[in-house]
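# Examination of the molecular architecture
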Amino acid sequence: MQDKPVALVTGANKGIGLQIAKDLAARGFTVLVGSRDFERGEEAAKSVGADARALQLDVTNQASIAAAAERIRSEFGRLDVLVNNAGISHVGKLSGTTLEEMAKAGRASVASLDEVRAVFETNVFGVIAVTQAMLPLLREAPAARIVNVSSAAGSLARKADPANRSPIMFNVVYSPSKTALNAITLAFASELESTGIKVNAGCPGFTATDLNNFQGTRTVEQAAREPVRLALLDANGPTGTFSNEDGPLPW
Ligand code: NAP
């Protein structure tokens, strides 16, 4: 078994995931660049560095998840860090769509139930499926860390605050998927507390990526900081938290 720690980042062929992969490689990890399209994963892995490998992984496909876990077992025998980053905000192309139009399409009264299901399939069920499949490998690592890339848009406490009436927060497609992801973070953190495996949710902030038609205001370099910090927590670090770069976020 190699000494160098091994990290898997899902949805790492572009956006924030690709930057998290680059940052973890720079911190001395062998990085598995999860990508549902293997060739795009290979291209991305080249930009991550010499010790990065593409890993075909569609988080909504059980066979793909099982094959990925099997490959990690045969090549490394363990996994030190799992970053559940893969996520979608909508189905189909966004080209030309403004934030206002996105918020309108996601209103509770009109949102497509098929779209809600598809977003939950990736952002929620995909995280449970990948985490369950990788857990036996994470248990083989001396101090494994799981990071769920969440969003402040999933904060129920913020939504319940009458001062906050942003339509983006009240989208019924994406925001509830991140609320559920936060609940899942706590469920895994609680169950795994005695093992020393730490499970935390980190928000990258509103970042210019395909997810929002590049209308975000932060760079991927800024966005990667909090997920990477959570991936590198030492033995004294917390588990079961939700935070961004500025500190704890309300659940
Ligand atoms: P992005 O550029 O669209 O990247 C999303 C990544 O997820 C892509 O690599 C995409 O792969 C992958 N993905 C989607 N469905 C997948 C599936 N079924 N299996 C495997 N990979 C899949 O968006 P991003 O902004 O970097 O988003 C990364 C994470 O940050 C998401 O969880 C998002 O919710 C979260 N986040 C983003 C923001 C923001 O403002 N951008 C704010 C808060 C949280 P393909 O290239 O194959 O589509």
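Attention in this report is confined to the structure presented alongside it. This one's a predicted model, so the numbers in the text were calculated from it and none came from an experiment. (Residues numbered from 1 in each chain as written. Predicted model: local features only at pLDDT ≥ 70, side-chain atom pairs only at ≥ 80, totals over all residues. Heavy atoms only, no water.)

### Let's talk about the site of the ligand
Contacts to the ligand come from 29 residues, most closely from Asn 13, Asn 85, Tyr 174, Thr 207 and Thr 209. Val 59 is positioned such that a nitrogen or oxygen atom in its backbone is 3.0 Å from a nitrogen atom of the ligand. A distance of 3.3 Å separates an oxygen atom of the ligand from a polar backbone atom of Gly 205. Computed on the free molecule, the ligand has an accessible area of 900 Å², of which 95% lies beneath the protein chains in the complex. (Near = heavy atom within 4 Å. Polar contact = N/O pair within 3.5 Å; in protein donor to acceptor, adjacent residues only side chain to side chain. Areas by Shrake-Rupley, 256 points an atom, 1.4 Å probe, with all protein chains shown as cover.)

### Here we look at the packing of aromatic side chains
The description of an aromatic ring pair uses the distance of the two centres, along with the angle that the planes make with each other. With the rule as written, the count across this model stands at two aromatic pairs. Both rings, one in Phe 120 and one in Phe 125, keep their centres 6.4 Å apart while their planes meet at 55°; by these two values the pair is tilted. Residue classification places Phe 125 among the partly exposed positions, given a relative accessible area of 42%. (Phe/Tyr/Trp six-rings, centres within 6.5 Å; stacked < 30°, edge-to-face > 60°. Buried < 20%, exposed > 50% of the residue type's maximum accessible area, 1.4 Å probe, protein only.)

### Thoughts on the sheet that holds strand S2 (residues 30-35)
What the eight strands build is an open sheet, ordered S3-S2-S1-S4-S5-S6-S7-S8; its pairing is mixed. Of all strands in the sheet, those bounded by a partner on one side alone are strand S3 (52-56) and strand S8 (247-248). Relative to S8, strand S7 (residues 242-244) runs antiparallel, the two being bridged by two bridges. From the neighbouring strand, Asn 244 faces S8, where its bridge partner is Gly 247. Of the strands in this sheet, strand S1 (6-9), S2, strand S4 (81-84) and strand S5 (145-149) touch helix H1 (residues 15-26), which is tilted by about 170° from S1. Its contacts with the sheet put helix H3 (residues 62-75) on S1, S2 and S3, and the angle it makes with S3 is roughly 145°. (Pairing = 2+ DSSP bridges. Helix = DSSP H or I, 4+ residues; strand = E, 2+ residues; numbered from the N terminus. Contact = heavy atoms within 4.5 Å. Axes fitted to C-alpha atoms, helices over the stretch in contact; angles between N-to-C directions.)

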